[in-house]
Structures are given as structure tokens and as C-alpha cells.
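Notes for the structure review
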Amino acid sequence: MRALDRKMLRDLRRIWAQALAIALVLGCGVMVLVAAQATQATLVATQAAYYERHRFADVFAGATRAPENIVQAARLIPGVAQAEGRISFQAILDIEGMAEPATGRILSLPAAGPGLNLPMVRLGRLPDPDRADEVALSEPFAETHGLTPGSRFRGILNGQLRDLTVTGWVLSPEFIYTMPPGAMMPDDRRHGVIWMSEAAAAAAMDMNGAVNDIALRLTRGADERAVIAALDRLLDPYGGTGAHGRDRQVSHAFLDGELSQLGAMATYLPPIFLIVAAFLVNMVLGRLIALERAQIGLMKALGYGRGEIARHYLLLAGLIGGIGVGLGWLFGWWMAGAMIGLYGDFFRFPFIIRDWGTQALAISAVLGLASVALGGLRAVWASLRLPPAEAMQPPAPPRFSRGLADMALARFRFRQTTMMIFRSVLRWPGRAAITLFGVAASVGVLVMSYFIFDAVDRLGDSVFQQANRQHVTLMLAQPQTDRATQDALSLPGVLHSEGAYVVPVRAVHGHRARLTALQGHYPDAELARLVDDAGRVVTPPRDGVVLPEMLARALDIRAGQSLTIEMLGAPRITLTLPVVEIIAQGMGQEAHIAAEALFAAMDSAPQVNLLHLAVRLDRMDALNAAIKTTPAVGGLLDWAEVRRQFDAALSDNLLTMVGIYTLIEVLIAIGVVYNAARIQLSERSYELASLRVLGFSRAEVGYVLVGEIMFLTLLAIPLGWLLGYWLALGLVGALSTDIFQIPFHITRRTFALAALAVFLAALGSVLMVRRRLDRVDLASALKARE
Amino acid sequence: MQSNSDRLPVFKAEAVTRVYRSGTVEVWALRGVDLSLVEGEMVVLLGASGSGKSTLVNILGGLDLPSGGRVFFRDQELSGASDRQLTAFRRDHVGFVFQFYNLVPSLTARENIALVTEIAQDPMTPEEALDRVGLANRMDHFPAELSGGEQQRVAIARAIAKRPDVLLCDEPTGALDSKTGVQVLDALHQVNRDLGTATVLITHNASIQRIAHRVVVLADGRIVRDEVNPTRVQPGEVSW
């Protein structure tokens, strides 16, 4: 090994703590990028493969009752490759060991075997076409209840109590998310999908020779809008409830939303991390090499050329950068594995197509190495330009001068040690700016991370505390007169009852159309209210509709404009109503109107198909038991359970991510401050030792070192808050999907927590460096000028 | 000048040794030094490089601790003192002047002195200290704006501003040319004469010894000569 290379390795060993801190900062940036991209790429690839292998349909439609041969007609629509009809309905289930009723979506399996949305049998088998009591269950639901093949449970099918036998467990690309009707989060305990033979389903629902659910697979390049329009025309006489593409298919929409949020996290956050890390590494490494000035002069004196010296230090920088990138890759892969496992379980993908995120690897390596190389080169170049004799001399004392800021400072009559801090900041504003920027970036990213908790709190508060104060919502199998609201008071434990009416509609504005629902609100509702994200109670209008922001955006409609509403339930009429108000609602999807106005337009007596109940909680069991045997009720929503699901789903995914990001950000803050303080110590050890000699105590000398960095940290915090505000605003945009929007709301607690975390991280690392002051040998520090 | 026996000793060193260990190698910087220094005395420490002069001054100044023997400042024993005690000792009693001045570059001449007067018990004003070294007109200059000789005189002003009991100077003229060096020696001489501050001056420049009351020569960690100057000369009469 050449002496120069040996020197490089020894140098690396000498500065190992700083080199490691630099490598870790860089590694953190690389890790986040690699992990996020690899996770995102893997999940997208897995979703695509799952859909492809299991022939997930492209277009879906429901109807009240259509003749079987409608499927043949659908197959003839241009652009349709495959069509399948089936019977689909909701049922109340009575599962042993579960007090409250569960709901099930029952699907018929075509006699010839399914050709679309192929169920994947995970355990046991599909039901025998000739056995009316056999069913296969969706795996998450069956697993939650331990319903293995051979187990039995009871269901109310079309008003009749039936005993059913489980034959197997099934996964389907159609039900990656299984949502109970009316819920906003998947619930594997209270909702399951049930496959039964066509003959059995037809018999149970009186649907012989008929179907009420159509799925289509399109040819490549087919015009989906045209196919949907044709299918709508085909189903219109049979009570079609509106055909839609994958974008309105509940499971797909949620999965896509989740994946695009993850994608947004992967494209929005990690580059910020990596760029901050790269920038800091560039500066820190530059200063580290600037300290080698005398050695560079010596090497030149010994006859080494500029190229050789530059190569020597670039190699050192490259080695540090390489270690950082390597660590980042290693931990990035590990983290991606953990995250993919987490999401894979959550989505219950039957298999995983692992994508290593090659692009992220390449980008992170290039960016990581370039940042260290540039930082190194810049510093080496400055020293290389000096004649060797000058380079070997200690650098001349830095020039200070009295500027305006200095004169202002003089008025305050600070102690001289405090003056040293201020002058140093003023003398090297660029250097101070780096520390400032690094710390501010840490605070900013933390504000953005914690902001998600605020937003979720705000959302939860608005949905669960303000809008939905009922304990239970009953979904009626058929609309009833508003007397049902009074009748519900006779159910066990019910204290208060409110009715509402929801009807599926197609909202049309210009060439834009959206499948959604129109909710009719009765006046003076106390339990289920229309509330915007700011907690304001909105009175549904009599002379038009209120739209949530997201729906209005999708329809490109503004307040005052007219909206066409095609009702997809009976009576099938079309209304044209002005949009009275558009409200901010993170999870709002439906249009709202006063019930009175709705029924006037429908020319019908007031009806209800939702009952919101306030219930004595000690009577919940009795209520559940009663509902299990009430055929008029098609489904039940327990809001406490919904809240639990909401919190659980968030803590599983979002909060884990936020936790990881927080940890990394604190690591970066530590890396930045530690390095800034170490370099400060090297550059000023002579000066600081002089102070000790003059009789300053360790604490007083430490004050100069700690004071400057903590002063910059304090200065950086408000800057970080501002940055965090903008980052959070950007994140809201990046994370909003068609069905979900995070409310923009940052609490003081978030600002305080972010500042505190970074302040403590900074103080901890600068104190770590301060301890080195105690080890400085005063006598030798004064002799050696480097 | 009174005879030494009439005056109180400031420093007393008894059989002082100092061993540096680096790995398995032991380097004996001092091998048993006995020395005392009295009030108002100016002593020049002479010796070749590595003879132990700086080590001795560092120990007297509370920058280092002896490996063996005892050191007293008046009645206070320095050998075995804690870091906190040594810091207080330096702060209250000792003024240092170094070869490379050790000024804080971010503070002006006046502020460099204020640095010390702010923590001293009975200091003179920075202006008075600067006036004593003839730099009253350079008060608001930063170190980078002063010549080497001026920087060293600021360092002397800073050392005397606290009215120290003892002034320890390690090669104060080492980085200066003869003419500027004489100016610096002149400043030290005046301080010694006017304030009566006991002064130890390390040098390997033999011509400087003639300005001292007493000359102590070290070689190989031992005192090899310790004699009183029969005739002192003024700094202006010295050159090298």
C-alpha cells in the first residue's frame, strides 16, 4: 500500500467520530429514499400482478333485477372483452361469541366457475354448486372469528334465518379492503364477504334467471367512459344504480388512495431528507478538509502534484460518502422489508412481487457521492492554490471589522465572551447559515411529521365528536315512512332516534359526472349533523345542495352553479339544483339537502332509510340481540367500533411512518450539530485554550462553544416553524386523494414539540463535544497552532 | 533593590519532576527542580529546546501539574490542586504572555483586555493597560489589523490588566524581529518596575538575560546555573 493511501486510512481512523456522523446523516437521507421507493414500487407491482393474475374487472355495475341474458348483451358492447353477472346482497350475520350482529356481502359464484374477480382459495374449497348451505368466507373475516372449514354460523338472508356451513377461506382482488356499508375503514370483525353457489343465492333471494351485479373486463385501449355509458343505458330499465370504473370500486379506491399517499410520502419527503443531508455533508466535509491545510502544504512541499493531492482527499471524501450510501442502502432495504411486511399484512396480498427500487439506489448513490466529492473538492482546491510555504503556516488570523451590526451590538454592552459568539456568527455568515439551515430543516420536517397527528385528531374530532354523535346507525333494508324513527324508540336501550334518507345518485356538471349519494337531513338533528372541518354546523338548505370540497372539485363546480342529480334509486328522476355552499370536509363525499326539499322534489311522503340512535351503553347487548332478529335492518354501524378502526388503521400505517421519520430527523439534527460543534472546536481550540489559560472556567469557555450553536439553534427554530408550515401545506396537497383529504391544521403543541426535540438533540450533541474541551491539554494547545 | 531574603517568596518549587508518558516511552521533562521566586523579581529562564523551561513555567502558572515534588504559590500548594482551584489561581494571580500572542481574533484590542478585566477582582481599565504598553491609540483595532509587536503588547496589556502577582512570559519575543522585540521587552521591563510584578521570562536568546535581576539556566530538566545579574541593562541596550 502506498504511504499516501495508508495516510488516508489513518486519517479516517483519526476523524472516525466525525466521519461516522457525516456518513450517518447521509445514510439517513439515502435510507429514507431507498425504503420509501422500494416499498412503493413493491406494492404497486404486487397490486398490478394480483389484479392481472386474478382478472380484476374494469367496470362494475349494480341493478335491482336484470334478466340473465343482459350479460350476453353487455358482452357485445364495443370494448368489452369479458362480462359476468352475479347476484349480490347484504345480510345480517349472527356469529357465535359476538354480541353485536355482523354484516356480510353475499356473492354468487357462476355455475360454470368465475371468469372475473377470481377468488383465491387459501384454505378448504369453494362451496359445492348443489349444496345450498355451503359458503366460502373472506379470509380476514373467517380468521378473525376462527371460522374454519366445517364451522357453522347463522345469517338473515332475505328475511329468513339460515344455517350456513363454511367450506373454505378466500381472498379476492375485489376485496383487498372490506368495508362495512356506511363505514369509513375496513373492519374484519364486523364485515365479511361470503361466496355461495349461484343456485343457492338465486333461491335465497328469489332471483332465478336474474342478476343484479355485472362486472366487465375491457379490451386494451377501450374507451371506459363509452362502455360505462352503454352499460348504464342497458341497465336503466332494470334499476341500474350506475356503472363505474375501478376508481369508484370501494376496495380499489381505498387501496389506490393508500398507495398514492404512500407514493406521495415516498416522492415528497425522502428527497427533502436526502437533499438536506447531502447539502450538510457537502459543507461539513469541506470544513473538515479545510483543517488539513498544513498537510496539503506539506505534501506539495514534498513534491506531490495537485492531481495526486486532490485524488487523496477525494478518496477520503468518497470513502466517507461510500460508507454513508452503503449504510443507507443496507438500512433502507431492511426498512423496506419491514414496511412491505406491514403493508402486505394490512392489504393481505397473497404474494409479494419485490421491487428493489433500483432507480432509488442509483439516485441516492449519485447524489450522496456527488455531495461529498463536491464538498471535498471545494476545500482541497482552496488549499491547493496556496504556495506550499504559506499553506504550511497557520492561517492568518481572520479579519474582523466593525460593520453596522457590530455597532448595534456594541450598544448592548455584552460580556466579551458573548461578543465572541456574535462576532463569529457575523464573520462567517455562510457557515452560520449552514447550521441554521440544517437545524431549521430538522424543525420543519418534524413540524410536518407531527402535523399529521394534529390533522388526524382534527379529522377524528370533526367526524366522531361533532358530526356523528350517535352511538349506532341502523341501515334499513328498505326505505320506510318517518314513523320508523319513533318505532326505533321501542328497541332496547334506545334513548333518542333520528331518521335520515340517503339515496345513490349520479351528480353531473357539464361533461363531468360522479357517482355519489344525496343525503336528506331532517331539521333539528342532534346526533348526526353536517359539520365542516372547522367544526361549524352547517344547516342543509331547502333551495339547493351543499357539496363537500372534494366532490365540488371533481365536478368542477362552484357555489351558485347548477348541479344535475340523477337519482339511482326509486323514483328514478333527475333534479337540477343550485349549489348553495361548498364546505371543507376531509372525509366528505356526499351531497346534502334538507329532507323537506328532497321529498318535495321526489313528490313523495317523508321517508327514512337510516336511523341514528343514542343508546344506553349498558343495553347495547340487548339492542344487538334484537337487531339480529329484525329483518327490516340491513346493517348496523357501531360508532365506537368505527372510531377504534379509524385509530387502529392510522396507527398501523401512518403513525409508524411518522415515527420512523421523526427518529431519522432527530438523527440528522444530531449529526448536523455534532459536526458543527466538532469543527468549531478544532478551528477554535487555540482560542478556547487561551481562554482557559486566562483563568476562564470550563463552564465559561464551554459557553462560547455551546452558546454559538445554541444561539443559532434558537434562531433556527422560528425559521423551522415557517418551513414546517409550508412543508405541511405541501403534504396536504400531496396526500389528498379523491376520497380523503387531510385538514390543514397545526397545533401549538406540534410547533413546541418539534422545537423541543431539536433543541434537546442539539444541546445533547453540543454538550457531547463540550466534554472534549475538558480533555484539551492547555500547554500543548498553546504551542501547536493547528 | 533589596536583597532577596528581605522579601516574601511568591513561588517555591521543591524537587519538582515532570514525566510525560507516551505509550511505553517515558520522557523526563523535569528531573528535580528547586527554585524560589520573590516579589518584584524579574527572572530570565534560559535553556535549549527541550531543557524543561516551558514545562516549569506551565507548572508554576497552573497549566500543568508536577509528577513529583511540591509547588507553592505563597501559602497555597499548587501541586495536587484541583482543576477548579487552578482555574481560580490563574484567574486571580497569574498573567500569561505567549510567543504567538493568543489574542482572540474576534475581539478588538480593548475587548481582548476587557475579556480579563470582566472576571478579575481588582483590574485596571483596559484603557489604562493599553496606555501602559503605548497602544492607547490602537484600542479599537482587531488583532488582524495590528503588527506582530503590537499584538504582543496587547497580550502584555491583557496579562497585566488584572494586576497579577506574577507575569509568566513564554518566548514573548520569539516571533518578532529585534527592533519590535525590544519594544516588547521594554513594556515588560516597565511593568516590572512600575507595578513590582514578579516576572518570569523564558527565552533561548542569551542576549536578553542582561535585563533580568536573575538568570536561571536549565539543561536536561535540571537547573545548571542560578545567579544574580551584577549589572542590569535597559532593554534598549539589548539587540540580537
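Below: a short report on this structure. On a predicted model such as this, the values are computed, not experimentally measured, just so you know.

1. Observations regarding the overall build of chain B
Broken down by element type, chain B carries six helices and 10 strands. Computed over C-alpha atoms, the radius of gyration of chain B comes to 17 Å, within 12% of the 18 Å expected from 2.2 N^0.38 for 240 residues, which places it in the range of a compact globule. By its C-alpha atoms, chain B is 50 × 40 × 40 Å across when sized along the principal axes. By residue count, 59% of the 240 residues in chain B fall in the buried class. In chain B, the share of contacts with a sequence separation of at least 24, taken over all contacts with a separation of at least 6, comes to 69%. Carbon together with sulfur atoms contributes 46% to the accessible area of chain B, which is approximately 9,500 Å² in total.

2. So, the sheet that holds strand β5 (residues 76-77) of chain B
All names here are of chain B. The antiparallel open sheet is built from four strands, whose spatial order is β2-β1-β4-β5. Whereas interior strands pair on both sides, the edge strands pair on one side only; in this sheet they are β2 (25-38) and β5. By the bridge criterion, two bridges tie strand β4 (residues 68-73) to β5 in an arrangement that is antiparallel. Bridge pairing in β5 places F73 opposite Q76. Together, β1 (9-22), β2 and β4 form the strand contacts of helix α1 (residues 53-60), whose direction differs from that of β2 by roughly 60°.

3. Examining the packing of helix α5 (residues 148-160) of chain B against helix α6 (residues 178-195) of chain B
Residues and elements named next belong to chain B. Where α5 meets α6, the closest approach of the two axes is 9 Å, and the angle between their N-to-C directions is 15°. Compared by their axis directions, α5 and α6 come out roughly parallel. Remark: the crossing between α5 and α6 carries right-handed chirality. Residues G149, Q152, R153, I156 and I160 of α5 pack against T180, Q183, V184, A187, L188 and V191 of α6. Residue composition of the contact of α5 with α6, grouped by class: six nonpolar, four polar and one charged.

4. Re the packing of helix α2 (residues 16-53) of chain A against helix α10 (residues 358-384) of chain A
Residues and elements named next belong to chain A. One way to put it is that α2 packs onto α10 with a least axis distance of 9 Å and a crossing angle of 165°. Classified by the interaxial angle, the pair formed by α2 and α10 is roughly antiparallel. Both α2 and α10 take part in a crossing whose hand is right-handed. Along its contact with α2, which presents L26, V30, L33, V34 and Q37, the element α10 presents A360, L361, I363, S364, G368, S371 and V372. Partitioning the contact of α2 with α10 into residue classes produces eight nonpolar, four polar and no charged.

5. Some details on the pattern of salt bridges
Inspection of the entire model under this criterion finds 47 salt bridges over all chains. Close ionic contact of B:R21 with B:E26 constitutes a salt bridge, the shortest N to O distance being 3.0 Å. A salt bridge links B:D165 to B:R74, with the nearest nitrogen and oxygen atoms 2.7 Å apart. Placement of B:D165 in the loop between α5 and β7 (166-170) and of B:R74 in the loop between β4 and β5 is noted, with a sequence separation of 91 residues between them. Here B:D165 falls in the partly exposed class, since its relative accessible area comes to 24%. For B:R74, a relative accessible area of 32% translates into the label partly exposed. Overlapping salt bridges, with partners in common, bring together A:R86, A:R105, A:E174 and A:D213 in one network.

The rules behind each value
Residues numbered from 1 in each chain as written. Chains lettered and ligands numbered in written order. Predicted model: local features only at pLDDT ≥ 70, side-chain atom pairs only at ≥ 80, totals over all residues. Heavy atoms only, no water. Helix = DSSP H or I, 4+ residues; strand = E, 2+ residues; numbered from the N terminus. Rg over C-alpha atoms; globule rule 2.2 N^0.38 Å. Buried < 20%, exposed > 50% of the residue type's maximum accessible area, 1.4 Å probe, protein only. Contact = heavy atoms within 4.5 Å. Areas by Shrake-Rupley, 256 points an atom, 1.4 Å probe, with all protein chains shown as cover. Pairing = 2+ DSSP bridges. Axes fitted to C-alpha atoms, helices over the stretch in contact; angles between N-to-C directions. Parallel < 35°, antiparallel > 145°, perpendicular 65-115°, else oblique. Left-handed = near helix turned anticlockwise from the far one by under 90°. Nonpolar A, V, L, I, M, F, W, Y, C, P; charged D, E, K, R; others polar. Salt bridge = Lys/Arg side-chain N within 4 Å of Asp/Glu carboxyl O.

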